[in-house]
Amino acid sequence: MSLQDILSQAVKQAVKTVYGSDIETIEFQSTRREFAGDITIVIFPMLRIIKGNPVQIGESIGQHLVDHVNEVKAYNVVKGFLNIEIDDSYYVSFFNDISNDLNYGIVKPKKGEKAIMVEYSSPNTNKPLHLGHIRNNLLGYSVAEILKASGKPVYKTQIINDRGIHICKSMLAWSRYGNGATPESTGLKGDKLVGNYYVKFDQDYKKEIEALIAEGKSEEEAKKQAPIMLEAQEMLLKWEAGDEAVVALWKKMNNWVYDGFDITYKNLGVDFDCLYYESKTYLLGKEFIVQGLKQGVFFKKDDGSVWCDLTKDGLDEKIVLRADGTAVYMTQDIGTAIQRIKDYPDVGGMVYTVGNEQDYHFKVLFLILKKLGFDWAENLYHLSYGMVDLPSGKMKSREGTVVDADDLLEEMAATAGQISEELGKLDGYSDQEKQELYKIIGLGALKYFILKVDPRKRILFDPKESIDFQGNTGPFIQYTYARIQSILRKAKRGSSKVSEEIHLHEKEKSLVKQLEVFPVVIQNAANEHSPALIANYTYDLVKEFNSFYQNVSILAADSDDLIDFRVQLSAAVANTIKNAFGLLGIQVPERM
RNA sequence: GGCUCCAUAGUUCAAGGGAUAGAACAAGAGUUUCCUAAACUUUAGAUCCAGGUUCGAGUCCUGGUGGAGCUACCA
């Protein structure tokens, strides 16, 4: 039983015996530094049930706790706050329990527990990945890991947008100008090569529009009549008809892109358990529209189009099938969701990592799936995140302000290397080992920078100022981990349990307290789908440790018992950093 | 027009309705005979505006202001 549970019961008992009333919930918070005590109970909420002076109530509850609970050493009351001091022995025995548990805080997936499918990345296959995809990938991957650590089985997936007019544009431009260029012949990453032809198309398209406008056509007409666009549309029709040559080209170019993406994913450290392709799912969902019509979830308009009336839910009417009977985006998403549950019957919920410009879409999608009566529709979550903005505003491919994912990863490693060299770290390491470390550090800086921010908020990214390596950053935390490893190398670490007689210093106690809440932080992060909670927790832990590290001597303490305890405590902190960062997908180096 | 989200030190971020709003960067002042100074210690500096609910509001409600997004038989 956790300390909070023990106290919770005892407080309820105290209120019952002293005032004869029952209270439902008790508000706990950690005691502010300036007051004596470890944990604080807020008395104010109890005033609704017990009438009286909050200070007196605090006094009587506090006295009851001291008398009846072993762990409670003393108490004091400030205004409506009951501060409780916990006996050191509680912390020591708690620490003994966890110090050798390498997976402390991480819950293994329970048998029979319903799985969660987490979708993220989901790129188009006509452009390389950029900074926005990086945020998406990091969030999705991290949330998946956090859910796993909270005891849920997880499938990571993505839906690849591999069909449509945009692909045809790249294909068309390649046919015209490519001269058979391949990633091998050009030395370009496949996604970059294909992306270049997409840009090429756009340039030609613009020229043709200008020419048509010069001939006196309106801009709208020109956009529709540009020959290159008509040709692309024709290609799309051929693709849909299964034209052999078109499909072969489509396959070839998409495979180039996939190879390119794989490299980026690998460098980024993310992975997937299963993949869905839009070319295979875009026809799904129609049968459920028919079913929904029968159920009365949808209705048909005179022109034959099918709609869902969501006005009673405060939304608009939403189309789910075109008049010509073809599927729209919503139809596909309905079909894909259902298909996934068919493919993986143990899945009981899904998380969609998609930018907040699609908030409305997912609100509607979830509502429709609920109306169709699927029980898992209750457990759908749109992990909605804000844009990554540049100081100049939005990233725009046309203006060339897109921050390319591969370039960014390389720059981060280069910056990490530069700083390391300046500081004279890592002398005596081989070039290869250094490069490995620079990657880990650069990636750590980038990932932490993005994940420490609340997903819903926009991120401002200044490529010129780049990302800090000091202060509240990934490298700061990695550095602390590396320093602890250095201590552990030098220490003759005993594995004996710490004597419960030992007296804890303030800094030591606060470290143990900090470790104690790690499992709760994971659960909260899982419930709120927020890696930021883990990031901020880790930072707090590291701050606490650094202060401890600078102010007490670990390897030269005045007794062997104390050295042993401090070394073990350091090890436990390092292990927690490693586990927490693991949930963020950030590696920790043994030395830096 | 309607709807949704955001607004906190000069800057980037924190703060489950709770005590004197926390950090980091930038600015100022210190700390390296000792476990890694990418560190530590320290000074100054903030809740967009106006109401309301509450014992208590950065947090909840209403109305403004400013920013972003959605509001396609596109995906």
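Residues numbered from 1 in each chain as written. Chains lettered and ligands numbered in written order. Predicted model: local features only at pLDDT ≥ 70, side-chain atom pairs only at ≥ 80, totals over all residues.

Peer 1: Could you clarify how one ought to interpret the overall build of chain A in this entry?
Peer 2: Regarding its fold elements, chain A presents 21 helices and 14 strands. In terms of its C-alpha atoms, chain A occupies a principal-axis envelope of roughly 90 × 70 × 45 Å. Buried positions account for 38% of the 592 residues belonging to chain A. Across chain A, contacts joining residues at least 24 apart in sequence account for 74% of those joining residues at least 6 apart. (Helix = DSSP H or I, 4+ residues; strand = E, 2+ residues; numbered from the N terminus. Buried ≥ 20, exposed ≤ 12 C-beta atoms within 10 Å, placed from the backbone. Contact = placed C-beta atoms within 7 Å.)

Peer 1: Any chance you could explain the protein's contact with RNA strand B here in plain terms?
Peer 2: Neighbouring residues of RNA strand B: 71 residues in total, closest F44, R322, D454, G471 and S486. For the surface near RNA strand B, the leading source of residues is helix α17 (residues 474–490), giving 8 residues. For the surface near RNA strand B, the residue count by class is 31 nonpolar, 20 polar and 20 charged. (Near = placed C-beta within 6 Å. Nonpolar A, V, L, I, M, F, W, Y, C, P; charged D, E, K, R; others polar.)

Peer 1: When you look at the nonpolar core in this model, what are you seeing that I'm missing?
Peer 2: Across soluble globular proteins, nonpolar side chains show a tendency to be buried alongside one another. Core analysis: the biggest nonpolar cluster contains 144 residues, and V118, I146, M171, A445, I534, V573 and I577 have the highest contact counts within it. Once you skip the residues sitting within four places of it in the chain, V573 turns out to touch I484, L511, L541 and F545. (Core = buried A, V, L, I, M, F, W, Y, C linked by C-beta atoms within 7 Å.)

Peer 1: How should I be thinking about the domain arrangement of chain A in this particular structure?
Peer 2: By a frequent convention, interface size equals the accessible area lost on bringing the separate parts together. Splitting chain A by domain gives domain 1 (3–86), domain 2 (164–270) and domain 3 (405–584). Domain 2 puts 5 residues into the contact, and the matching count from domain 3 is 4 residues. Of the residues that constitute the side of domain 2 that touches domain 3, the class distribution is 1 nonpolar, 3 polar and 1 charged. (Domains from an automatic or database assignment.)

Peer 1: Mind showing me how you'd approach the environment of V567 here?
Peer 2: With respect to the helices and strands, V567 occurs in helix α21 (residues 560–584). As for V567 and T157, which are separated by 410 residues in sequence, their C-alpha atoms are 41 Å apart.

Peer 1: Is there a simple way to explain the pairing of strand β12 (residues 380–385) in this structure?
Peer 2: Judged from the 6 bridges that link them, strand β11 (residues 347–355) and β12 form a sheet pairing that is parallel. The residue bridging Y352 from the neighbouring strand is H382, located in β12. In terms of handedness, the path from β11 via helix α14 (residues 359–371) over to β12 forms a crossover that is right-handed. (Pairing = 2+ DSSP bridges. Right-handed = clockwise from strand over helix to strand, strands pointing away.)

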